[in-house]
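# Descriptive analysis of the structure
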Amino acid sequence: MEVRIAEKFAKVKKPIFYYLSAGEGDIKKIKEPIDKLNSNIKIANNSLVNYKYDVFKGATHYTEVLHSIPSALYHIFEAYRPINSAEYNDKIAVLQEGYAEYLEKKYADMSEVLGVQIPVRMSDFKVVESLILKRNAYSELGKMAEIGNVNYPKAMLGEYELGLMYEKQGDPKHASRKYQNASQMEPIGDLNKDLMYEKIDEMNTLAKKVNNVKS
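Anyway, here's the lowdown on the structure attached to this text. (Residues numbered from 1 in each chain as written. Predicted model: local features only at pLDDT ≥ 70, side-chain atom pairs only at ≥ 80, totals over all residues. Heavy atoms only, no water.)

Next up on the list: the packing of aromatic side chains. Per the stated rule, a full pass over the model turns up three aromatic pairs. A ring pair is formed by tyrosine 18 and tyrosine 51, whose centres lie 6.4 Å apart and whose planes are at 25 degrees; its orientation type is stacked. Note that tyrosine 18 is positioned in strand 1 (residues 16-23) and tyrosine 51 in strand 2 (residues 49-56), a separation of 33 residues in sequence. Relative to tyrosine 179, the ring of tyrosine 160 lies with its centre 5.8 Å away and its plane at 40 degrees, an arrangement referred to as tilted. (Phe/Tyr/Trp six-rings, centres within 6.5 Å; stacked < 30°, edge-to-face > 60°. Helix = DSSP H or I, 4+ residues; strand = E, 2+ residues; numbered from the N terminus.)

Turning our eyes to something else, we now look at the packing of helix 5 (residues 99-114) against helix 7 (residues 140-151). A pair of packed helices is captured by two measures, namely the crossing angle of their axes and the spacing between those axes. Where helix 5 meets helix 7, the closest approach of the two axes is 8 Å, and the angle between their N-to-C directions is 25 degrees. By the angle class used here, helix 5 and helix 7 are roughly parallel. Every residue of helix 7 that contacts helix 5 at Tyr99, Ala100, Glu101, Leu103 and Glu104 is listed here: Glu140, Lys143, Met144 and Ile147. Looking at the contact of helix 5 with helix 7 residue by residue, the classes come out as five nonpolar, no polar and four charged. (Axes fitted to C-alpha atoms, helices over the stretch in contact; angles between N-to-C directions. Parallel < 35°, antiparallel > 145°, perpendicular 65-115°, else oblique. Contact = heavy atoms within 4.5 Å. Nonpolar A, V, L, I, M, F, W, Y, C, P; charged D, E, K, R; others polar.)

A separate point is the layout of surface pockets. One water molecule sets the probe size; rolling that probe over the atoms shows where empty space is left. Its volume calculated, the largest pocket comes out at about 580 Å³. For the lining of the largest pocket, the secondary-structure elements that each account for two or more residues are helix 3 (64-76), helix 4 (85-92) and helix 5. If you tally residues by element for the lining of the largest pocket, the top one is helix 5, at six residues. Tallied by class, residues from the lining of the largest pocket come to nine nonpolar, four polar and nine charged. There is about 180 Å³ of room inside the second largest pocket. As for the second largest pocket, its lining consists of 13 residues, and the residues nearest its centre are Glu104, Tyr107, Val120, Val150 and Asn151. Looking at the lining of the second largest pocket, the elements with two or more residues in it are helix 5 and helix 7. If you tally residues by element for the lining of the second largest pocket, the top one is helix 7, at five residues. (1 Å grid on protein atoms, 1.4 Å probe; cavity = no way out; pocket = protein on both sides within 12 Å on 5 of 7 lines; lining within 4 Å. Points joined across faces, edges and corners; volume = space filled by probe spheres on them.)

A few words now on helix 7. Taking 1.5 Å per residue as the helical rise, helix 7 with its 12 residues ought to reach 16 Å, and the 17 Å between its terminal C-alpha atoms agrees with that figure. Summarising the contacts, the buried residues of helix 7 are in contact with helix 5, helix 6 (122-134) and helix 8 (157-168). (Expected span 1.5 Å × (residues − 1).)

Bringing unusual backbone geometry into the picture now. Located in the positive-phi region is asparagine 45, a residue other than glycine, with phi close to 50 degrees. Its place among the elements puts asparagine 45 in the loop between helix 2 (28-44) and strand 2. Unlike most non-glycine residues, asparagine 136 shows phi in positive territory, near 60 degrees.

A word on the packing of helix 5 against helix 6. Where helix 5 contacts helix 6, the axes come no closer than 9 Å and their chain directions differ by 160 degrees. In terms of orientation, helix 5 and helix 6 fall into the roughly antiparallel class. Considering only the axes of helix 5 and helix 6, their crossing is right-handed. Contact with helix 5, carried on its side by Tyr99, Ala100, Leu103, Lys106 and Tyr107, involves Asp124, Phe125, Val128, Leu131 and Ile132 of helix 6 and no other residues of that element. Looking at the contact of helix 5 with helix 6 residue by residue, the classes come out as eight nonpolar, no polar and two charged. (Left-handed = near helix turned anticlockwise from the far one by under 90°.)

Pasting the structure below:
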């Protein structure tokens, strides 16, 4: 098995999960081929194989299963979880750009690997939006608008993101138009008509000030 499994993994064309574990106090004749299999899988180095290997300290051949089952389940269903602090700090906040693309890929991978198709969670959407604003990566709000329109076509999310992009880029005239469009669509999360009307008034006031300065 330590040879055949690794050879198979080198040839797979679709994403699969494989979890392997051993106990630190495992039986030698069992642990040695497991270590060999781990080494061979690493040599195969196929990115389509979602692989994890654990060696549990203080565990024996008989007690490691108690650690292995939850660890394997966490490994397999990690992609399904909402963005948590670990994913945010280790995978998203470290990026220099491409925050919106990360969000899009997270859900694309979830669909391909797990066969689960759900709309982008609003909690995940807001986490990424917040980071975009924090990093002043305002052009990425256009991509966030696309994601919003694909996942919630009847909601005001997409138009709001475009309005926010124009606002942050110093274009209150276009921002006001997008907020106006959003006000005619369905509310979602903390976005509602009252907020859109407030944004419209704010942008119109700002646009007048800009025109006065120009004149």
